[in-house]
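Residue strings, one per chain:
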Amino acid sequence: ALLLWLNDFPDKPVRAINFEYLASDTISMMLSVIQGAFKTQLYIRGAYRAQYQFKIVYRLQPGNSNNARLGADELLNALGDWATARKDFPDIGERKRVVKLECNTRSALLARYEGGTEDHQILMTMDYESY
C-alpha cells in the first residue's frame, strides 16, 4: 500500500518506483526496507504502535554533470516533502492506521559505481498503530 501511495508522486522520472529492485542499465527508483525497530509500544489489549523504516533510492547515470547530481537530490527531497505534506496517508490494512510519515534525512549520495552509475537516497519512517 505504501509503495502504491508513493507511486502517486507526479514528478518521478520513472514509470514506477520498484520494491527492492534497481535496474543496472537505466534510471530507476526503489523503496527498500531498513531493518530497525518494529513495535515501539505494546498495549495491554494486544494493540501496538510500530515503525516501518525505509529508504527511497534513485539510480542515475549523471556522467560529469553536477546539475544531474543536484537534480537527483532535489527530486528525492521533493518526494520526501510531498509525502510528508500529504494528509491522505496510505491505507495499510484492516485495524491499522498510519499516524505519521517522516523524512529523516535530506538526499545524499549512497554509492558510485564503475561506469558512472550513482545511487542517491533519502531515509523515511512511517509510524502506524493497530487497534
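Residues numbered from 1 in each chain as written. Predicted model: local features only at pLDDT ≥ 70, side-chain atom pairs only at ≥ 80, totals over all residues. Heavy atoms only, no water.

**Examining the overall build of the protein**
Within the protein, the secondary structure is distributed over two helices and seven strands. With respect to the three principal axes, the spread of C-alpha positions in the protein is 55 × 25 × 20 Å. When each of the 131 residues of the protein is scored for burial, the buried share is 42%. Across the protein, the fraction of contacts at a sequence separation of at least 24, relative to all contacts at a separation of at least 6, is 60%. Counting every atom, the protein has about 7,600 Å² of accessible surface; 48% of that belongs to carbon and sulfur. (Helix = DSSP H or I, 4+ residues; strand = E, 2+ residues; numbered from the N terminus. Buried < 20%, exposed > 50% of the residue type's maximum accessible area, 1.4 Å probe, protein only. Contact = heavy atoms within 4.5 Å. Areas by Shrake-Rupley, 256 points an atom, 1.4 Å probe, with all protein chains shown as cover.)

**Some points on the layout of surface pockets**
Roughly 170 Å³ of volume is contained in the largest pocket. In terms of residue class, the lining of the largest pocket is made up of eight nonpolar, one polar and one charged. (1 Å grid on protein atoms, 1.4 Å probe; cavity = no way out; pocket = protein on both sides within 12 Å on 5 of 7 lines; lining within 4 Å. Points joined across faces, edges and corners; volume = space filled by probe spheres on them. Nonpolar A, V, L, I, M, F, W, Y, C, P; charged D, E, K, R; others polar.)

**Looking at unusual backbone geometry**
Trans is the prevailing form of peptide bonds, just as negative phi is the prevailing case for residues other than glycine. The phi angle at Glu20 is positive, at roughly 55°, despite the residue not being glycine. The residue Glu20 is located in the loop between strand E1 (18–19) and strand E2 (28–33) in this model. Judged by its relative accessible area of 38%, Glu20 falls in the partly exposed class. Phi is positive for Arg95, which is not a glycine, with a value near 60°. The residue Arg95 is located in the loop between helix H2 (66–85) and strand E5 (96–103) in this model. Taking the relative accessible area as the measure of exposure, Arg95 reaches 48% and is therefore partly exposed.

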